[in-house]
Amino acid sequence: MSTKIQLTSSSKKRRVVSKPSDSSSSVSSPREKRNKTSTERVVEIKPKPAYDEEKETEVRTISQDVELHRDTCGKVRSLFEQIRDLKHSGRSENASTIAEKRTEASVLFITLKKLNRLSHLRCKKARDQTQSTKQRVDGLHLQLQNLLYEVMHLQKEIKKCLEFESNDEKIELVDLATFYREAPLDISMPSLTENDPHKQRLARLDWEREQRKQLAEQYEAIQNNRDEVDREITTKKEYLESLQPRLKTILESTLPVQEHLSMPFEEVRSQHQMARLLPRPLYILYVQSSAYSEACDKALAVKIEGDAHLAKAATTTSVALEEDSDSDNEENLTESKRRRKTVGDKLEEKRKKALSKHPLQIVMHLMFKGEACLILTFSYLMELHIVTVVAEIKEASGVKNLKSLTDGTTGLAEKLKTLSGSDDLLCAKTILNCLYPGDNGTESPNPSTAYQLPKIGIASLEPHLDTIGSPYHWCQALSGLDFLNSDDSAKASTKQSSSHMEVTIKAIRTRVKARLALQKQTASFSKGLIPVPTSAVKLFPSKLSSRLVSWRPVTEEDVMKLGFVNSHPSKDTVGSASSFYLATCDRKSAKIQAVIILKEAYPVTPPMFMVKLDWQGVVHMASNDHDIMDMEAEVNLHSKELITPKTCEYLLSCQLQRLLQCLDLYLEACCAEEVARVPGAKVEFPKEKMFVRNARGRSRGKPYKYSPQYGYFSQR
């Protein structure tokens, strides 16, 4: 029979009740029920302690668990091998054995799970111990930091105490020898202070105080004296200020006298005051040009023009400019809110700022003996750091020699334009081009502008030259700027300016004189006249039968349409010219047509002639006739023979006169050859010039060279 155990909570006792076995009948008799109570008996059982795996981890060691795990795994492996062998045998009686083996393996798996739980408990316990130890270490570390902070604080306090200086230590006292020598005995008391440093220090401080009192009294007396002198100075200053309006009135009254005596002291004074506001390049240009005008060229006048108030504003600091812009923005706050600047507006502002000029300018007036006046206005671009110039030509008063060409009351410029057919010769935009080789004033001489301008959308300065002027290289040289081996911060040099001033002014005068003379020559050519200077008359024979029929300006497109120009060997040089003219000359049935290419550097670069001769129904030109090529060479290549110091400005007239001379020689030599072949033949152009041989050499060259000394012609 089995035993039933009942546990009561109050007495923690168990009652054992006997039960019938399972094999007995479920229906009990009444007697058995009566005896049931008598069979019950009370048994007191002591409670067993509960199973705790955590305690077991303390009792068992890790090595024991590892050994148990190894044995258990070996047993499981052995059971699996036995089960496998039994299954492979295929006997039916092995089923019960396999079930037993499975049961044993399951029990062993329970042991493995227990070992797993024990390992996890050990890990948890180790982590908890580590965390508690870490907290304890952190607490100790914090205590250590607090102690170190207190130590550091105490050390700082000790250092402050050691470094403490009293105010009396900052006072520079006299040395001891001076103190005992100058101080009175009631203060120095040598008997007490020599052996006691503290009393000695106190005595020296008392003596210092007495000395400072005396010095304070002296300072007060000197201050009163200074105030009295200051009042006297103020009185005299007020008196001098009252004299300024009187002196100004006196100076104004002397202006007519200054003008009458040509002593413009007031104008010079005002110019010098404005010169102080010029940027350094323009200041150097003004000083050097004024000095050159006074010493070498009385026909050169220099002055400063512009707004002095704006120039003063331009010299202020950038901080002041920013403050002014901020105040303007505050005043126009409403308008700025309504309309915000776009990217295009900002870029346009940057362009205007980059191309902005200094408010003051240098203006030069070059007079040319009553013929004309060249006005050069020099400006300084503050952002690009370059100097530009704008040229202007005005008619001078009292013109006599040029007015003879006008025959009326029309103005000089209009009449000359009517006679010559072109005003390009005195065009202010191009009259100074190529004053030096390659300097056409279209590119900035400052290399840094090649990086500045693309950032603001400006590819080249050429479209803006009408606004800012032309930045010629000689303008930079006159202003003392040299960008050859420097950057945009190149400092203007007086030496650079003075070395170029005289040469450049003379070059400008030579250029303008040549253009004025050229204007008069073209006007005469339009009338069929060739003005040859008196000093150059001897270079030509006394009689020329050929004559100038017509003269007119043409364009480059018109020139390129001419057949003899397209076939000319030098047609590639046509594009580099600045002016084109078409001249027609004849002698009876012979007619010659010449294209004159006049370059900007005239007369340094002589004009170029391209010739076509139409005679006896045959067209002669350089491409099919060596004589025409020799004629062009005589006019173009040997033009230096026609230049003298007095005739260089009339080089074009001399070349045109030589062309007529060569035409006469060509026609007369050809007719002389025909007479030599057929004696007594009648020719159109009899021999009028004196020459020995009609032709010479393989090319049968004509005698184009004229000898003024002997008056005859010969071959070169």
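Quantities reported herein were computed from a predicted structural model and do not represent experimental measurements. (Residues numbered from 1 in each chain as written. Predicted model: local features only at pLDDT ≥ 70, side-chain atom pairs only at ≥ 80, totals over all residues. Heavy atoms only, no water.)

Attention now goes to the overall build of the protein. Within the protein one finds 24 helices and 14 strands. Across the 716 residues in the protein, those meeting the buried criterion constitute 33%. Intrachain contacts of the protein at a sequence separation of at least 6 include 64% that bridge at least 24 residues. Roughly 46,000 Å² of accessible area belongs to the protein as shown, and the carbon and sulfur atoms make up 54% of that amount. (Helix = DSSP H or I, 4+ residues; strand = E, 2+ residues; numbered from the N terminus. Buried < 20%, exposed > 50% of the residue type's maximum accessible area, 1.4 Å probe, protein only. Contact = heavy atoms within 4.5 Å. Areas by Shrake-Rupley, 256 points an atom, 1.4 Å probe, with all protein chains shown as cover.)

Backbone geometry follows two general trends: most residues other than glycine have a negative phi, and most peptide bonds adopt the trans configuration. Proline 603 follows tyrosine 602 through a cis peptide bond whose omega is 5 degrees. Along the polypeptide, proline 603 turns up in the loop between strand 10 (590–598) and strand 11 (608–615). Unlike most non-glycine residues, lysine 588 shows phi in positive territory, near 60 degrees. Structurally, lysine 588 can be placed in the loop between strand 9 (579–587) and strand 10. Since its relative accessible area comes to 62%, lysine 588 is described here as exposed.

On to the confidence of the model for the protein, then. Across the protein, the average pLDDT comes to 81, with 83% of residues at or above 70. Confidence over residues 33–40 falls short of pLDDT 50; this stretch has four contacts with residues more than four positions distant or in other chains. (pLDDT = per-residue confidence, 0-100.)

The next point concerns the packing of aromatic side chains. Tallied over the entire structure, the rule returns nine aromatic pairs. An angle of 45 degrees between the planes, with centres 4.8 Å apart, marks the rings of tyrosine 706 and phenylalanine 713 as tilted. Residues tyrosine 706 and phenylalanine 713 agree in their burial class; the two are buried. Judged by centre distance (6.1 Å) and plane angle (40 degrees), the rings of tyrosine 710 and tyrosine 712 are tilted. Exposure remark for tyrosine 710: the relative accessible area of 55% places this residue in the exposed category. Given the relative accessible area of 30%, tyrosine 712 is considered partly exposed. Within the aromatic cluster, the residues linked to one another by ring pairs are Phe378, Tyr472 and Trp474. (Phe/Tyr/Trp six-rings, centres within 6.5 Å; stacked < 30°, edge-to-face > 60°.)

Reading across from one edge, 8-9-10-11-12 is the order of the five strands in this open sheet, with antiparallel pairing throughout. Because the sheet does not close on itself, it has two edges, and the strands there are strand 8 (547–554) and strand 12 (618–621). Across the sheet, the mean angle from the axis of one strand to that of its neighbour is 20 degrees, orientation sign disregarded. Strand contacts of helix 23 (residues 626–636): strand 10, strand 11 and strand 12, with the helix running at about 145 degrees to strand 11, the strand carrying the most contacts. With respect to the sheet, helix 24 (residues 651–677) is in contact with strand 8, strand 9, strand 10, strand 11 and strand 12, its orientation differing from that of strand 11 by roughly 30 degrees. (Pairing = 2+ DSSP bridges. Axes fitted to C-alpha atoms, helices over the stretch in contact; angles between N-to-C directions.)

Another point: the nonpolar core. Residues Ile362, Met364, Leu366, Leu376, Phe378, Trp474 and Ile508 are the most contacted members of the largest nonpolar core, which totals 53 residues. By residue number, the principal contributor to this core is strand 6 (residues 372–381), which donates six residues. With sequence-adjacent residues up to four places away left out, leucine 366 is seen in contact with Ala299, Leu300, Ala372, Cys373, Leu374, Leu376, Ile505, Ile508 and Arg509. Counting residues in hydrophobic clusters, the runner-up holds 46 residues, among them Tyr581, Leu659, Tyr666 and Tyr706. (Core = buried A, V, L, I, M, F, W, Y, C linked by side-chain atoms within 4.5 Å.)

Overall, the coordinates contain 26 salt bridges when judged by the stated rule. One salt bridge connects arginine 84 with aspartate 85, and the closest N-O pair in it is separated by 3.7 Å. Take aspartate 85: its relative accessible area is 44%, and that puts it in the partly exposed class. In this structure, the salt-bridge partner of lysine 124 is aspartate 128, at a minimum N-O distance of 3.2 Å. Of the two residues, lysine 124 and aspartate 128 are both situated in helix 4 (residues 94–163); the distance of four residues between them amounts to about one turn of the helix. (Salt bridge = Lys/Arg side-chain N within 4 Å of Asp/Glu carboxyl O.)

Further remarks concern the pairing of strand 5 (residues 360–367). Regular strands place side chains that alternate from one sheet face to the opposite one. When strand 4 (residues 300–306) meets strand 5, the two strands line up antiparallel, connected through seven bridges. Bridge pairing in strand 5 links valine 302 to methionine 364. With six bridges connecting them, strand 5 and strand 6 associate as antiparallel partners. Among the inter-strand pairings, leucine 366 is bridged to a residue of strand 6, identified as leucine 374.

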